[in-house]
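Fold and geometry: a report
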Amino acid sequence: MAPGAPIGSIAGPLHACQHPILRAVLAEQRPLIEARKCDTYFQELADGRTLAISHQPTEEAGWVATYEDVTERRRVEARIAYMAHHDALTDLPNRALLCERIEHAFARAHRFGEVFTILYMDLDRFKSVNDTLGHPVGDGLLKAVADRLRGCTRDTDLVARMGGDEFAILQIGAESASDADQLAERIREVVSAPYQVDGHSVIIGTSIGIAIAPDSGVSADQLLKNADLALYRAKADGRGTHRFFEAGMDEELQTRRLIELDLRKALTAGEFEVFYQPLVRLSDGAITGYEALLRWHHPERGFIPPSEFVPIAEEIGLIVPLGEWVLRQACGQAANWDSAIKIAVNLSPIQLRSRDLVQVVMLTLASSGLAATRLELEITESVFLQDNELTLSILHDLRGFGVRIAMDDFGTGYSSLSYLRSFPFDKIKLDRSFVRDLGVRPDSIAIVQSIAALGANLGMTTIAEGIETEEQMERLREAGFVEGQGYLFGRPQPVRQLVTQSARNGAPRAA
Ligand code: C2E
Ligand code: MG
Ligand code: MG
């Protein structure tokens, strides 16, 4: 009998059928026969086959039924249903199945007040694995990650692949946020252990966004979207970490995307300007230099502070051309000033990742005619978190040409002191949080005194940022600080304002 073909029709008396399968079929039919009803239904047979049965009474008190073997058709249908709900590469449930399960979980949440969470994760820098080792290794890695995820979740949890290098985990019955927190920790630990794929060792990190239902969403779509927003936050906070969704993230992200789009156009549109803030010698109040501070005048949003756009410019790679532009502007301006006046320019850690920086600085100095010794480059200790050797050799080269190197925001990081030993800085800029603490925290005087002494011993100039009051200035001077910077001496200002000032107090003077 061909699969799918009718196995025939039987009419009338029941007792004529002796075959065990037919007996079972007819036993199932008996209630219909007796009630003289029609019906269509499926019957699973003892030999594993499935019949589609259509039963109908006839006018002469008899009945007619058709029996179709639908075993193969059902197998194919089941396969299709499986494929529609699973990912072919990893065999994990896919987004469709996850969404169905989330809707079930919502139903239970309504009925029993259960809480559940969604962890949305993606692999950090997966693209570079694909690009450098090839797609087969990328695929192998995804399978291995899927296995580990299955291994570190409970049977009641559901691990799904959302596409690409994104996975999601539905955690049912989480008691509290700390359960989700623990699972996220475990996943990060398990996923980041080294892999062997096709003879390559691969290491990959993961970032995770977490949304807790029903607080963080009332539908599967909303919950996934919010977990994704939290993931975006985790990545923006430096990857390899996890974040919970919080109200307001959506708006934050929209703003960020808009800023990102506008930022790409801002340099050519001429929306940036460099402001200058005086650096003052504390012993006599003379201006020794200016710090160049970047400003963005957004055509609609108005002024956007560097703390908001510099991190985005770093992320999208714009900081390199932007930083070069600041350098050209600042050196070009300073070249017009009195030759005793220095110019300080901030460098992003991203600019220090390429040796090109040395050439860029040398060319800028040459074309502006500014002496290298008048340029001071400010770096923060985060530059040392990257490739230390490359960074140090770039800094040594720059210093070799006479450029001065300052450590900015000193004291805010974990190991400011140890970095002082790794490079002969010319200047230490004490972070303004210490200045703010003066007169507030009892130990603050002792701290600034010891930093001033340290600078003196190491032959590094010390400068304190954020001086706003006479009292702060006095204390810093007494503690031994050489220079100061802050609103007390002058706010960052456009260059045209400096020039009008110079007519009054003599600095900066046009050459
Ligand atoms: P920073 O290099 O530590 O600059 C000092 C910041 O303190 C400036 O903020 C300045 O306006 C502010 N400031 C100065 N005096 C006072 C004061 O008395 N009180 C208070 N409360 N603040 C004071 P700004 O201009 O907003 O810049 C913030 C940061 O953005 C800078 O910190 C620097 O890290 C970064 N930045 C600015 N321009 C550039 C640039 O051209 N390139 C790079 N990579 N980063 C830049
Ligand atoms: Mg600075
Ligand atoms: Mg600073």
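Up top you'll find the structure we're talking about.
Residues numbered from 1 in each chain as written. Chains lettered and ligands numbered in written order. Predicted model: local features only at pLDDT ≥ 70, side-chain atom pairs only at ≥ 80, totals over all residues. Heavy atoms only, no water.

**Focus: the coordination of the magnesium ion (ligand 2)**
So the rule is basically this: For Na, K and Ca the donor cutoff is 3.2 Å, while for all other metals N, O and S atoms must lie within 2.8 Å; water is not among the atoms, so some sites may look incomplete. Numbering of helices and strands runs from the N terminus; a helix is a DSSP stretch of H or I covering at least four residues, while a strand is a stretch of E covering at least two. Think of it in three bands: residues with accessible area under 20% of the maximum for their type are buried, residues over 50% are exposed, and the middle band is partly exposed, with areas taken using a 1.4 Å probe on protein chains only.
Within the protein, the atoms that donate to the magnesium ion (ligand 2) are Glu291 (OE), Asn346 (OD1), Glu378 (OE) and Asp408 (OD), at distances of 2.0 to 2.3 Å. Sequence positions of the donors to the magnesium ion (ligand 2) reduce to the motif E-x54-N-x31-E-x29-D. Between the magnesium ion (ligand 2) and the magnesium ion (ligand 3), a separation of 4.2 Å is found, and both are coordinated by aspartate 408. Residue glutamate 291 is found in strand 13 (residues 287-298), and its partner asparagine 346 is found in strand 15 (residues 342-346); the two are separated by 55 residues along the sequence. Of the residues examined, glutamate 291 reaches a relative accessible area of 4% and is grouped as buried. Overall, asparagine 346 belongs to the partly exposed group, its relative accessible area being 30%.

**Thoughts on the site of ligand 1**
As a reminder, the rule being used: Residues are counted as near a molecule or strand when any one of their heavy atoms sits within 4 Å of it. Polar contact is the term for a pair of N or O atoms within 3.5 Å; when the atoms are in protein, one must be able to donate a hydrogen and the other to accept it, and sequence-neighboring residues count only if both atoms are side-chain atoms. The method behind every accessible area is Shrake-Rupley, applied with a 1.4 Å probe, and residues are considered shielded solely by the protein chains displayed.
Taken together, 21 residues lie near ligand 1, and Arg295, Asp408, Arg432, Glu468 and Tyr487 sit nearest. Within the side chain of glutamate 465, a nitrogen or oxygen atom sits 3.0 Å from an oxygen atom of ligand 1. Within the side chain of glutamate 468, a nitrogen or oxygen atom sits 2.5 Å from a nitrogen atom of ligand 1. Coverage of ligand 1 by the protein chains reaches 84% of its 800 Å² of free accessible surface. Among the secondary structure elements, those contributing two or more residues to the shell around ligand 1 are strand 13 and strand 17 (404-410). Ranked by residue count, the leading element in the shell around ligand 1 is strand 13, at four residues.

**Regarding the pattern of salt bridges**
Heads up, the rule is: Salt bridges are counted wherever a side-chain nitrogen of Lys or Arg sits within 4 Å of a carboxyl oxygen of Asp or Glu.
Overall, the coordinates contain 33 salt bridges when judged by the stated rule. A salt bridge links aspartate 47 to arginine 49; its shortest N-O distance comes to 2.9 Å. A relative accessible area of 41% places aspartate 47 in the partly exposed class. Taking relative accessible area as the criterion, arginine 49 reaches 25% and is therefore assigned partly exposed. Aspartate 157 is the partner of arginine 154 in a salt bridge, and the nearest nitrogen-oxygen pair spans 4.0 Å. On the basis of relative accessible area, arginine 154 is assigned to the partly exposed category, the value being 45%. Three or more residues are tied together by salt bridges with common partners; here these are Arg233, Asp237, Arg243 and Glu252.

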